[in-house]
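# Coordinates in review
Each chain, written out:
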Amino acid sequence: MKKIILANPRGFCAGVDRAITIVETSLAKYGAPVYVRHEVVHNKYVVDGLQERGAIFIEEIKDVPEGSILIYSAHGVPLSVREEAMAKNLTMIFDATCPLVSKVHVEIKNLHKQNYTIIMIGHRGHPEVEGTMGQIDSSIYLIESVQDVAQLHFEENVPVAYVTQTTLSVDETQEITQALVEKFPNIHAPKRQDICYATQNRQDAVKAMVPQVDLVVVVGSSNSSKSKRLQELAESMHVPAYLVDDPSQLQGEWFEGVRNIGVTAGASAPEALTAQIVEAIGLFSSGTVSPLQGIEETVNFSLPKELLRAA
């Protein structure tokens, strides 16, 4: 008998759930359209669904009409975007930035006030990185690899600190942080609780699942760094892995000769989509569905006070 084994935890994290709820509640309370700066989360299924209900996703504040409602995505925005938005005659602005990202923003500002030179570990071009680095106007350097550490040169006795993109786990950044500590022994490190719990939990769940399966399907969009990392993690453990955000993307030949199939979902992928994909996998490879035991996540983030009653 074949098995479809579900990783646990998987899917929505508290920050994603909050961001989507802000958009949904704004639409319910104020009506369409509401404008969202960047995709609220990196998931096509979610974005398409919100567009159908009246959300309009834009990249430039100039594209938001006067008198509109604007929402910042879960990834956060640079100060320049906030300033541009505040200068417009908008009815309301809601900040859907993940609170864990907001904590990093506060940390960067505080470090900057203390004259630290700041290093950010992250992926160039990712909206969270652009938003975080955009909190200050100088003395911040982006690195993506151990090789980048070797290129860093600062004056002696300059205080140095580092922060990380929240969508990176402790495991992913371990080699880079070790290289930073070796080069800058007195470097200021972020607090452990600033690391995204959901990123680490989902990667740990994949590590626990992979030894039990012959193939992994990751539910998530190609522009989701968290989802892509789950695929890469499974492949690094020598198990074929495929990233899909629609049941139609599944291919029957993937499942030929495969006994146990693992399924997980990135933090921006809804459980409803995972259920559709699990059902579609069952058409290619009938068998039982077995959820694994895993960490129970109890983190919740509150909505903006203007939306609490409506929610």
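That block above? That's the structure.
Conventions adopted
- Residues numbered from 1 in each chain as written.
- Predicted model: local features only at pLDDT ≥ 70, side-chain atom pairs only at ≥ 80, totals over all residues.
- Heavy atoms only, no water.
- Helix = DSSP H or I, 4+ residues; strand = E, 2+ residues; numbered from the N terminus.
- Contact = heavy atoms within 4.5 Å.
- Pairing = 2+ DSSP bridges.
- Right-handed = clockwise from strand over helix to strand, strands pointing away.
- Axes fitted to C-alpha atoms, helices over the stretch in contact; angles between N-to-C directions.
- Expected span 1.5 Å × (residues − 1).
- Salt bridge = Lys/Arg side-chain N within 4 Å of Asp/Glu carboxyl O.
- Buried < 20%, exposed > 50% of the residue type's maximum accessible area, 1.4 Å probe, protein only.
- Parallel < 35°, antiparallel > 145°, perpendicular 65-115°, else oblique.
- Nonpolar A, V, L, I, M, F, W, Y, C, P; charged D, E, K, R; others polar.
- Left-handed = near helix turned anticlockwise from the far one by under 90°.

## Considering the environment of V101
- Mapped onto the fold, V101 is located in helix α4 (residues 99-113).
- Residues V101 and G131, 30 residues apart in the sequence, show an inter-C-alpha distance of 9.2 Å.
- Not counting residues up to four positions away in its chain, the partners in contact with V101 are A74, H75, E128, T132 and T166.

## Overview of the pairing of strand β3 (residues 55-58)
- Bridge analysis of strand β2 (residues 34-37) against β3 gives four bridges, and the strand direction is parallel. Bridge pairing in β3 places Y35 opposite I56.
- Note on the crossover from β2 through helix α2 (residues 44-53) to β3: the handedness is right-handed.

## Points about the sheet that holds strand β9 (residues 215-219)
- With respect to topology, five strands assemble into an open sheet ordered β10-β9-β11-β1-β12, the strand pairing being parallel. The strands lining the two open edges of the sheet, one partner per strand, are β10 (241-244) and β12 (287-291). For this sheet, the mean inter-axis angle between neighbouring strands, taken without regard to orientation, is 20°.
- Pairing analysis gives five bridges linking β9 to strand β11 (residues 260-265), with the strands arranged parallel. The residue bridging V218 from the neighbouring strand is T264, located in β11.
- Against the sheet, helix α8 (residues 197-209) engages β1 (2-6), β9 and β11, with an angle of about 180° to β11.

## What about α8?
- When the terminal C-alpha atoms of α8 are compared, their 18 Å separation across 13 residues agrees well with the 18 Å that a helix rising 1.5 Å per residue should span.
- Contacts made by the buried residues of α8 are with β1, α7 (170-183), β9, α9 (225-236) and β11.

## What about the pattern of salt bridges?
- Applying the stated criterion to the full structure yields 11 salt bridges.
- Residues R124 and E144 are paired through a salt bridge, measuring 3.7 Å at the closest nitrogen-oxygen approach. Of the two residues, R124 is situated in the loop between β6 (117-121) and α5 (127-133) and E144 in the loop between β7 (140-143) and α6 (146-150); the sequence distance between them amounts to 20 residues.
- Its relative accessible area of 59% is what places R124 among the exposed residues.
- Using a relative accessible area of 37% as the deciding quantity, one classes E144 as partly exposed.
- E172 is the salt-bridge partner of R229, the closest N and O atoms lying 3.2 Å from each other. In this pair, R229 is assigned in helix α9 and E172 in helix α7, connecting sequence segments 57 residues apart.
- We classify R229 as partly exposed; its relative accessible area is 21%.
- Relative accessible area serves as the criterion here: at 23%, E172 is assigned to the partly exposed category.
- Several salt bridges share partner residues, and in doing so they unite E172, R229 and E232 into one network.

## Some words on the packing of helix α1 (residues 14-30) against α2
- The interhelical angle for the contact between α1 and α2, taken along N-to-C directions, is 10°, at an axis separation of 10 Å. Considering their axes alone, α1 and α2 lie roughly parallel with respect to each other. On the side of α1, the interface is formed by I20, V23, E24 and L27, while α2 contributes V46, L50 and R53.
- Across the contact of α1 with α2, the residue classes tally to five nonpolar, no polar and two charged.

## A closer look at the packing of α8 against α9
- Interhelical geometry of α8 versus α9 gives an angle of 25° and a closest axis separation of 10 Å. Classified by the interaxial angle, the pair formed by α8 and α9 is roughly parallel. For the pair α8 and α9, the sense of crossing is right-handed. Of α9, the residues touching α8 (which contributes T199, R202, Q203, V206 and K207) are K226, R229, L230, L233 and A234.
- Class assignment of the residues belonging to the contact of α8 with α9 gives a composition of four nonpolar, two polar and four charged.

## Details of the sheet that holds β2
- In spatial order, the strands read β3-β2-β4-β5; together these four strands make up an open sheet with parallel pairing. Single-partner strands in this sheet number two, and they are β3 and β5 (92-95). Going across the sheet, the axis of each strand differs from the next one's by a mean of 25°, ignoring polarity.
- Relative to β5, strand β4 (residues 69-72) runs parallel, the two sharing four bridges. Residue pairing across strands places I69 opposite M92, the latter belonging to β5.
- Here helix α3 (residues 79-86) sits on the sheet in contact with β2, β4 and β5, set at roughly 170° to β4.

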